[in-house]
Amino acid sequence: MHGVAIAAVALFALAGTSSALPVADNAHRLHGRAAVTLPADALDGQCVTLQLFEGTNNLGYAQRSGSGYAFNSDVNKATAFRLEATALGRYEILDGTAHAYISVFNWLTPGDAYGKRSDFSFTLSGSRYAVKVLETGQLLGKNILSWGAGKSSSTVALATATGCGNADDIDPNVSGTITAGVQNGKIVGLIDMHAHITAGTAFGGQMHCGDAWSNGGVANALTNKCDGHKSLTIGAILENLLGGTSITKSNEHGWKDFSDWPTYNSVLHEQAYYRGIERAYKSGVRVINALLVANRVICDVFPYKDLSCDEMEQIRTQAKYLNDMQDYIDAQSGGAGKGWFRIAKTPAEVRSIAAANKLAVLIGVENSELFNCFTGKNAGTCTTDKVDSGLNELVSLGVSGLFPIHKFDNAFGGTKMDPDTTGAFINIGNVKSAGHWFEVENCTSADAVDQPKIGTNADIVNVLALGIIGADNIDAPTYPTGPVCNTRGLTDLGKYLINAMMKRGMVIHVDHMSYKAASQTLDILEAAKYPGIISEHSWSTYPIINRVLGVGGVVASYPFVPADFIANWKKIKGMSNGASANVAFGLGSDVNGLAVQPPPRADAATNPFKYPFTTLAGTTAGQYVMGTRTMDLNKDGVAEYGLYADWLADNINIAGADGPAFKSALMSSAEAYVSMWEKSRAWTA
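Notes on the structure follow. (Residues numbered from 1 in each chain as written. Predicted model: local features only at pLDDT ≥ 70, side-chain atom pairs only at ≥ 80, totals over all residues. Heavy atoms only, no water.)

**Overview of the overall build of the protein chain**
Thinking step 1. On a plain count of helices and strands, the protein chain comes out with 19 helices and 31 strands.
Thinking step 2. Relative to the 2.2 N^0.38 estimate, which gives 26 Å for 685 residues, the radius of gyration of the protein chain is 27 Å and therefore close to what a compact globule would have.
Thinking step 3. For the protein chain, the spread of C-alpha atoms along the three principal axes comes to 90 × 60 × 55 Å.
Thinking step 4. Within the protein chain, the fraction of its 685 residues that count as buried is 59%. (Helix = DSSP H or I, 4+ residues; strand = E, 2+ residues; numbered from the N terminus. Rg over C-alpha atoms; globule rule 2.2 N^0.38 Å. Buried < 20%, exposed > 50% of the residue type's maximum accessible area, 1.4 Å probe, protein only.)

Here it is in C-alpha cells:
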C-alpha cells in the first residue's frame, strides 16, 4: 500500500510555489537540457525533469517539497524523476525510492510502493505528454497551488536529467553474443515443451504465491505477503503434500532476501520470474511451450481466491496474462515489438522470431475439465458442437496444442494415475470431478502400466483426515496389488476430439492419458499418418513414447537429476523408433506446475558445478542473484527457472564423452518440434 498523505498535505504546496511563470516552452533547451519526445511506449528508464502546462500557460517544474510536489521556475531546482514502465505507454514516476501517486485529496504524493494510483499513462502530443492516472482517469496538472489532478488542457514536457538511480530489478547475469537462432535454415536451440509461466493467475489467483511479472516490478511479482502460505496454513500444508516443504517453517520471505522461497520444491511459489526466463533464453532455450493450466477441484479446495475456478475462465484469464506479459517486456525493452519475449501462433512465426534471435513462446492448454466436460456432480452436456466451438475459441487465443485428458477421468477418456499420497489426493479429486473413484485392473502386460504404486485405501483415509479435501463418497476402494491400469480408454467423444484437433493441425499431448486412451489415440494417428503428437514430461511409458516417435512426434523429458535425465535420453534413442532422438531431445520442466524441480546433485559438495560457465548458447553466465540472495546450483538446485542455464550446462559436463552428442540433441529440439508442427498443419490440406 502507498504511504498515507499526512494531514498537512493541503498546506505543503503554499510555500515555494507560484502561479503562471514566464518560462518559455523551450526552457529546457535554454538550460542546456535536451527535450525528450520519444514515443509514449519508449520512455522506460528515462531520467527526466517534468515541466507542467495548462494549455500554453507554463506552470514551472515539478519539485519535491515535503510530503508533496510544488512548482518552481528554476529548472536547476527541478526534481529528477525516473520513468519505470508498468505496461506499454504506462509508467511509474519514481522520485528516488518514492513512488509518486495521486492521493484521495487529488494531490501527487510520494508513496512507498506501486499501486494503480501510481500508474500513469503517457500520450505524446506534439512536444508534450498528457499524463493520466490509471485508477481515476485524471490528468496530472495543477491542483490549487501544487501538482495533482489538473484540467483537460494539462500537459507535461520532459527533458533529460541525471541522478535518478535505478529501479529494483534482477540481472540475468549473462554476457556475450547468443548463438544465431537459425543456421543453415534450421532453428538452433532448446525447447522447453512444458512450462507454466502463467500460473500466477491459475487456481483462483491466490493458491500460487507470486507472479512471472507484475506491472509493479519485481517487488510486487515476488511478494512476501502471501499470508495463505505461512506456517500451519492450508498453503503450507498443500505445499508439503505436493513438494515436501516444511509446514511449520514458512515465513514467506520473498523479495528481497528470499530467505523462504524459491526453493527447488516450493511448488506453490513462483519459480519462473521473467528475468529468470531471460537468463535461460540467453543460455540456449529458444522456444517455450507455455501451458495455460487449470484445475477446478484444486481451486475449490484453496479457500482464498480472487478469480474464477471455472477452468475455461482460468484459461482465458491466463491467455490475457501471457499477452500482457509480452507487452510488459516490450515496455521494458523500448516499445511495442522490441522485447525478446515473442508469442508465436504459427511455425512460420517461430522461425521468424528465432531468426531475430529472440525467444518464441507457444501457447498450449493443460486442464482437467477441457471445455468443462467433466462427468461428475453438476456436469453439463458435452457434444461434438461444444468440442468444435471450444477448439475454435482456443485457436483464436493462439493455442497450438492441448491435453485431451489430465489428472481426472473426463468426458473424453481415462487418465493415468499418480502414486502414493499424491495419488490418493488426486483420486479424491476424481470423485469430485468425474463422480467416481479410479476404476482399475491388473495390466495386461509389463509394458502397459498406468501406475505401479497406486495410492492405497489407507493413503486415501490419511488424506481425508487432513481435512483439506472431502469426498461425498467416503467408501474408499481397495485396489489390486501390483501395477494397475485404468479401465477407461477414449470415449466416442474423445475420439471425435482427437480427429477435430487433427483437422486443425493441433499438437496432441499424450502424457496423462491412460495407457488404453494413449494407445487408442496413436491407433488413430498411425492410421491417418498424422505426426502432431508429443510426450513431453515423462508421463508416458516407453512403448507409448516409441510409438510417438514412430508416427513423427517429438519427445522431451522431465528434468530429473542429471544422471537420470541423460539416461532417459539414451534409453529413448536406443528404442526401435529412437533414431530421431539422436537428433533431438527436449526439456519438459513443468515449472510452476505443482512439480518439484531438480534438486542439488548428491555429489555437488565433492564435485561442484563451477562459476562462471559457458552456456549451451555460447554465452558466459555468472551466478544468478535475486535481491540479496546469490543462487548456487550446488546448494539450491533449480530453485528458479534461471538456474536451468546452470543445470543444462552441468548435464553436458556430467555426460562426459556423450556430452557433445547430448548437447546436439538438446539444441536440435526446437527445430524438431517446429518441423513436426509444420507437417501437422500441412496434413490438414
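Okay, back to it.
**A look at helix α17 (residues 644-654)**
Thinking step 1. Most of α17 sits inside the fold, with nine of its eleven residues counted as buried.
Thinking step 2. Along α17, the residues that are buried comprise Y644, A645, D646, W647, L648, A649, D650, N651 and I652.
Thinking step 3. Following α17 by one or two positions, G656 has its phi on the positive side, about 60°.

**Overview of the packing of helix α14 (residues 562-573) against helix α18 (residues 659-667)**
Each pair of packed helices can be summarised by the angle the axes make with each other and by the distance between the axes.
Thinking step 1. Close contact between α14 and α18 brings their axes to 12 Å; oriented N to C, the two are set at 80°. In terms of orientation, α14 and α18 fall into the roughly perpendicular class. The segment α14 lies against α18, with F565, I566 and W569 engaging A661, F662, A665 and L666.
Thinking step 2. By residue class, the composition of the contact of α14 with α18 is seven nonpolar, no polar and no charged. (Axes fitted to C-alpha atoms, helices over the stretch in contact; angles between N-to-C directions. Parallel < 35°, antiparallel > 145°, perpendicular 65-115°, else oblique. Contact = heavy atoms within 4.5 Å. Nonpolar A, V, L, I, M, F, W, Y, C, P; charged D, E, K, R; others polar.)

**Topic: the packing of aromatic side chains**
Thinking step 1. Counted by the stated rule, this structure contains 28 aromatic pairs.
Thinking step 2. Measuring from ring centre to ring centre gives 6.4 Å for F371 and F412, while their planes differ by 90°; the resulting arrangement is edge-to-face. Of this pair, F371 sits in the loop between β20 (359-367) and α8 (384-396) while F412 sits in the loop between β21 (399-402) and α9 (420-434), placing them 41 residues apart in sequence.
Thinking step 3. Judged by relative accessible area, F371 falls into the buried class, the value being 3%. (Phe/Tyr/Trp six-rings, centres within 6.5 Å; stacked < 30°, edge-to-face > 60°.)

**Regarding unusual backbone geometry**
Thinking step 1. Put simply, W261 and P262 share a cis peptide bond, and its omega is 5°.
Thinking step 2. Note that P262 resides in the loop between α3 (234-243) and α4 (274-281).
Thinking step 3. Residues Y611 and P612 are joined by a peptide bond in cis, for which omega reads -15°.
Thinking step 4. Even without being glycine, I144 reaches a positive phi, approximately 60°.
Thinking step 5. Examined against the element boundaries, I144 turns out to sit in the loop between β11 (140-143) and β12 (146-149).
Thinking step 6. Its relative accessible area of 57% is what places I144 among the exposed residues.

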